[in-house]
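Coordinate analysis (summary)
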Amino acid sequence: MDKFQNIENITFTIAFILYMVSAITHLFLVTKLAKKVEPIAILTALAGLVLHTAAMVARTAGANRLPFSNQYEFALSFAWGIVLSFLILYRIYRFGAIGAFVMPLAILVMGYASLQSKAVRPLMPALQSHWLTFHVGTAILSYGAFALACGISIIYLIDAKRTGDHRILKDPEVSDMLTYRVIVFGLLMLTVVIISGAIWAQKAWSRYWAWDPKETWSLITWIIYAIYLHLRLRRNWRGKSAAWFSIIGFISVLFTFVGVNILLPSIHSYAT
Amino acid sequence: MKRTSMKVLHAIASLKVAIVLLSLIAIYIVIGTLLPQHSAPEWYLERYPALGSLIISLSLDSAYGSPIFIVLIALFAINLTTCTVLSLKGQWRQMDSNYYPSFKEDEFTIDIEDQDTVHTFLKRKRFRVERGGDALRAGKFRWGVLGATITHIGLLVLFVGGTIGNMTASEDVVNLLPGNEKRFEEEGFLIRLEDFDMTFDDKGAVKQYISTVTVIDDDGTETTRELWVNNPLHHKGIGMYQASFGWTGNLRVTDTASGEIQAEGLLRSGRTYFHQSSHLTIYLYGYYPEMAIGHDQQPVSLSNREIDPHYAVVLYEFGNPVGSYIIAPGEAIPYKDLEITFTHAVAYTGLLVRSDPSYPVVLAGFLIILLGMFVSFYCYPRFIHFSSGTLRTASRRNGWVFHHSVRSALERTQTRKNKED
Ligand code: HEM
């Protein structure tokens, strides 16, 4: 087990450094100081992701289960989801600049992870369920997508004030549409997260819904993104107000993830 | 007259109202999570001198069951129902295979010469193609407009399920020692606890609580099953869930001189036994399977493994405390002409017994919502128009994304073709 822990620590650290390099090069990219660094920014992010994945594999091997069950493991996976969704979007649309807003976030979440206890502890009875894997696995995808959407929305709001070549992405309409597509994926996944959580709670605690702070905050997040969807149905509400809701939605995601654990008593607090 | 009523209906169904209601619901829920719930009114008045009375008048102390919250949800359900019904007509029209949206003149166009390439592409992507002279029109996933409606219906089903649940669900906690039975009169069966076990991991933390239960129906059929956390037992509409556990000690009161046992039985931790003949009250303060002394000099248990078990016992005579003791199993407390011992401990299981006939409805609501969202987001209607070297794409909420995907796919088709040529 010590061996795995060592591999995990080393790969984690290198991934962290690579993400830093990637974030800094991305910042150069958007401030137009150096336009040619995009390949470096993307490749370091990709290399970081590979090592990050190795850290998660080592963790999985050491703990004999997927790294989904305490605050450290979830932060580790959350950051992974953020970088992965960024790189997937890059592969499809080639908008590297988004990394300038997403990679720093991944670093923050990794930093948060490194502050948590890394001890592998046995699972308490309520967590011993296949639903855990499914529930948390979809949460990672969902949160990663929302992080990405938040990044693009920030770009949208910056670009809305600029014109032509000064814009980060050429066409704000495109940023708006991309945000929409990314949020739609995140929201579908979040719906799966909430529903799987409810089904699991029905099995473990007899009630699918108990207004526990963590589940309540996931509902709040869900409602915010539902509002976002409907804002976009009207032409004049699209764009700015929708972008703000995308950002507020992600703040709610972060609060659900971190704030609830710190500030509110919860049956989910075993996840600390 | 008809006009005004339609106007009112459209106002009720408006998106603005929907967004305002959703925001209010979200804010109400947020306050419910930030404010401690279900305390006494005096507590709020004392803790929040300025806002206390407001909190109580808005029922924010029990936010999720308060009349205001229920009214908000009801208004929302009305808004949602009306809007869903009103939009059905338009969606019906758009599902018709002759329906095409207007294709914008300049936006979302792709220049492509070869009609055959376009036709092959559309066929491969399973579009329904319509030829007219040298022009092509094609559409796909027209039924996808129903996605929003399906989602909305799922939500309404969920509301109905939740409401039924709130009115009909019942819940009870049943504590059972091995051998104990609990009868369910209406359903016509009883359960008997055969055994209750805890398993531990190598660090001493509880790995699982396991109750072995026999269900005995009134017609005599018996089945025995184990149940544990995440593995409940369902029988005749009743769910039984492993929820808690506790300890009892086997109390024995013996006459010191004759050795005669005057009383014996299991006493639950935290409960008292009154021994009438000597006006003695025996209070089992606690049972500590792995005892240690905490910093406040109180006994604590490091785990639930019976490694170094002790009982804490307090005796009262005529209501006055006369002594407190920490004893090991079998160790006697001499008191006047009596000896008081706790021979061994037995754990009892706490089963949560709950019936909620609405759960299947709720589950159906969940699945309908998921289906509706998937249809909305991934099976949205897509349309293509092609004439004289220009291809136009149209998709109501996904214009640019659809255009981008068609462009990349066409480029790929063309490169492939060029390679073949
Ligand atoms: C939390 C509650 C709600 C959820 C989860 C929800 C969900 C959805 C979804 C997933 C869509 C498809 C959107 C898209 O494809 O981008 C949609 C569309 C729509 N929703 Fe809702 N909805 C909710 C409440 C409401 C309410 C209360 C109204 C009433 C005004 C409403 C009116 C509409 C309309 C008019 C559309 C567009 C339908 C169309 O163009 O085909 N929604 N909704």
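Residues numbered from 1 in each chain as written. Chains lettered and ligands numbered in written order. Predicted model: local features only at pLDDT ≥ 70, side-chain atom pairs only at ≥ 80, totals over all residues. Heavy atoms only, no water.

Right, let's talk about the overall build of chain B for a bit. Looking only at helices and strands, one finds nine helices and 21 strands in chain B. In terms of overall dimensions, chain B is more spread out than a globule: its C-alpha atoms have a radius of gyration of 35 Å, far above the 22 Å expected for 421 residues. Each of the three principal axes of chain B carries a C-alpha extent, and together these read 115 × 60 × 55 Å. Residues counted as buried form 45% of the 421 residues belonging to chain B. When contacts within chain B are restricted to residue pairs at least 6 apart in sequence, those whose partners lie at least 24 apart make up 55%. Summed over all atoms, the accessible surface of chain B reaches about 22500 Å², with 57% contributed by carbon and sulfur. (Helix = DSSP H or I, 4+ residues; strand = E, 2+ residues; numbered from the N terminus. Rg over C-alpha atoms; globule rule 2.2 N^0.38 Å. Buried < 20%, exposed > 50% of the residue type's maximum accessible area, 1.4 Å probe, protein only. Contact = heavy atoms within 4.5 Å. Areas by Shrake-Rupley, 256 points an atom, 1.4 Å probe, with all protein chains shown as cover.)

A few words on the packing of aromatic side chains. Here the structure, examined in full by the defined rule, presents 35 aromatic pairs over all chains. With a centroid separation of 5.8 Å and 90° between ring planes, the pair formed by Trp209 of chain A and Trp211 of chain A is classed as edge-to-face. Overall, Trp211 of chain A belongs to the partly exposed group, its relative accessible area being 28%. On the basis of an interplanar angle of 40° and a centroid distance of 4.9 Å, the ring pair of Tyr287 of chain B and Tyr311 of chain B is categorised as tilted. Here Tyr311 of chain B lies in strand 16 (residues 310–317) and Tyr287 of chain B lies in strand 13 (residues 280–288), a separation of 24 residues in the sequence. (Phe/Tyr/Trp six-rings, centres within 6.5 Å; stacked < 30°, edge-to-face > 60°.)

On to the domain arrangement of chain B. Residues and elements named next belong to chain B. On domain assignment, one finds that chain B holds domain 1 (95–140 + 380–412), domain 2 (169–246 + 351–358) and domain 3 (250–345). A C-alpha centroid distance of 29 Å is found between domain 2 and domain 3. Counting from both sides, the interface comprises ten residues of domain 2 and, opposite them, five residues of domain 3. In this assembly, domain 2 packs against domain 3 so that about 490 Å² is buried in total across both faces, 62% of it on carbon and sulfur atoms. Our count for the domain 2 to domain 3 interface comes out at zero salt bridges. Tallied by class, residues from the side of domain 2 that touches domain 3 come to five nonpolar, two polar and three charged. (Domains from an automatic or database assignment. Buried area = accessible area lost by both parts, 1.4 Å probe. Salt bridge = Lys/Arg side-chain N within 4 Å of Asp/Glu carboxyl O. Nonpolar A, V, L, I, M, F, W, Y, C, P; charged D, E, K, R; others polar.)

Another point: the confidence of the model for chain B. Residues and elements named next belong to chain B. Overall, the predicted model of chain B reaches an average pLDDT of 90, with 100% of residues at or above 70. Here helix 1 (residues 2–12) stands out as the least confident element of chain B, with mean pLDDT 82; helix 8 (residues 359–378) is the most confident, with 97. Predicted complex metrics record ipTM = 0.92 and pTM = 0.90. (pLDDT = per-residue confidence, 0-100.)

Attention now goes to the pairing of strand 11 (residues 261–268) of chain B. All names here are of chain B. Bridge count for strand 10 (residues 238–255) against strand 11 is seven bridges, and the pairing is antiparallel. Across the sheet, Asn250 pairs through a bridge with Leu266, a residue of strand 11. Counted along the chain from strand 10 to the antiparallel partner strand 11, the turn is five residues long, and its residue Gly259 has a positive phi close to 75°. (Pairing = 2+ DSSP bridges.)

Let us now look at helix 7 (residues 213–231) of chain A. Residues and elements named next belong to chain A. With 19 residues, helix 7 ought to run about 27 Å at 1.5 Å a step, and its terminal C-alpha atoms sit 27 Å apart, in line with that. Among the 19 residues in helix 7, 18 count as buried, and that is most of the element. A distance of 3.0 Å separates the backbone nitrogen of Lys214 from a side-chain oxygen at the start of helix 7, and that oxygen is part of Asp212. (Expected span 1.5 Å × (residues − 1). Polar contact = N/O pair within 3.5 Å; in protein donor to acceptor, adjacent residues only side chain to side chain.)

This next bit is on the interface of chain A and chain B. Each side of the interface is counted separately: chain A has 50 residues, and chain B has 52 residues. Both sides together, the interface formed by chain A and chain B hides about 4600 Å², and carbon and sulfur atoms give 71% of it. At the junction of chain A and chain B, the tally comes to one salt bridge. One salt bridge connects Arg207 of chain A with Glu171 of chain B, and the closest N-O pair in it is separated by 4.0 Å. Listed by contribution, the elements that provide at least two residues to the side of chain A that touches chain B are helix 3 (71–93), helix 6 (172–204) and helix 7 of chain A.

Turning our attention to the site of the ligand. Taken together, 25 residues sit near the ligand, with Tyr180 and His230 of chain A together with Asn79, Cys83 and His152 of chain B positioned nearest. In this structure the ligand sits where residues from chains A and B come together. Contact distances for the ligand include 3.2 Å between an oxygen atom and a side-chain N or O atom of Arg397 of chain B. Looking at the shell around the ligand element by element, the count peaks at five residues for helix 5 (residues 67–95) of chain B. (Near = heavy atom within 4 Å.)

What follows deals with the packing of helix 4 (residues 99–115) of chain A against helix 5 (residues 130–160) of chain A. For any two helices packed against each other, one specifies the inter-axial angle together with the distance between the axes. Residues and elements named next belong to chain A. Relative to each other, helix 4 and helix 5 sit at 140°, their axes nearing to 8 Å. Between helix 4 and helix 5, the interaxial angle falls into the category oblique. Crossing geometry of helix 4 relative to helix 5 is assigned as right-handed. Facing helix 4, whose interface residues are Phe101, Val102 and Leu105, helix 5 presents Ala147, Leu148, Gly151, Ile154, Ile155 and Ile158. Classifying every residue of the contact of helix 4 with helix 5 gives eight nonpolar, one polar and no charged. (Axes fitted to C-alpha atoms, helices over the stretch in contact; angles between N-to-C directions. Parallel < 35°, antiparallel > 145°, perpendicular 65-115°, else oblique. Left-handed = near helix turned anticlockwise from the far one by under 90°.)

Residue and element names in this part refer to chain A. Entries for chain A in the domain assignment read domain 1 (1–120) and domain 2 (123–272). The C-alpha-based centres of domain 1 and domain 2 are spaced at 20 Å. Contacts between domain 1 and domain 2 engage 26 residues on the former and 33 residues on the latter. Where domain 1 abuts domain 2, roughly 2500 Å² becomes buried across the two surfaces, and 84% of that area is made up of carbon and sulfur atoms. Its largest share of buried area at the contact with domain 2, domain 1 owes to Phe68, Phe78 and Phe101, together 25% of the area lost on that side. Summed over the shared surface of domain 1 and domain 2, the number is zero salt bridges. Where domain 1 meets domain 2, there are two residue pairs in polar contact (both at pLDDT 80 or more). With twelve residues, helix 3 is the largest single contributor of residues to the side of domain 1 that touches domain 2. Here the residues of the side of domain 1 that touches domain 2 are counted per class, giving 18 nonpolar, six polar and two charged.

Let us now look at the side chain of Gln115 of chain B. All names here are of chain B. Within the secondary structure, Gln115 sits in helix 6 (residues 115–124). Take Gln115: its relative accessible area is 19%, and that puts it in the buried class. When neighbours within four sequence positions are excluded, Gln115 is seen to be in contact with Arg131, Asp134, Ala135, Leu136 and Phe386.

Residue and element names in this part refer to chain B. Judged by pairing direction, the sheet is antiparallel, and its five strands sit side by side in the order 1-21-20-3-2 without closing on themselves. In this open sheet, the two strands that pair with only one neighbour each are strand 1 (109–111) and strand 2 (128–132). Each strand of the sheet is rotated relative to its neighbour by a mean of 15°, with strand direction disregarded. Bridge analysis of strand 1 against strand 21 (residues 390–394) gives three bridges, and the strand direction is antiparallel. Paired with Ile110 across the two strands is Leu391, which belongs to strand 21.

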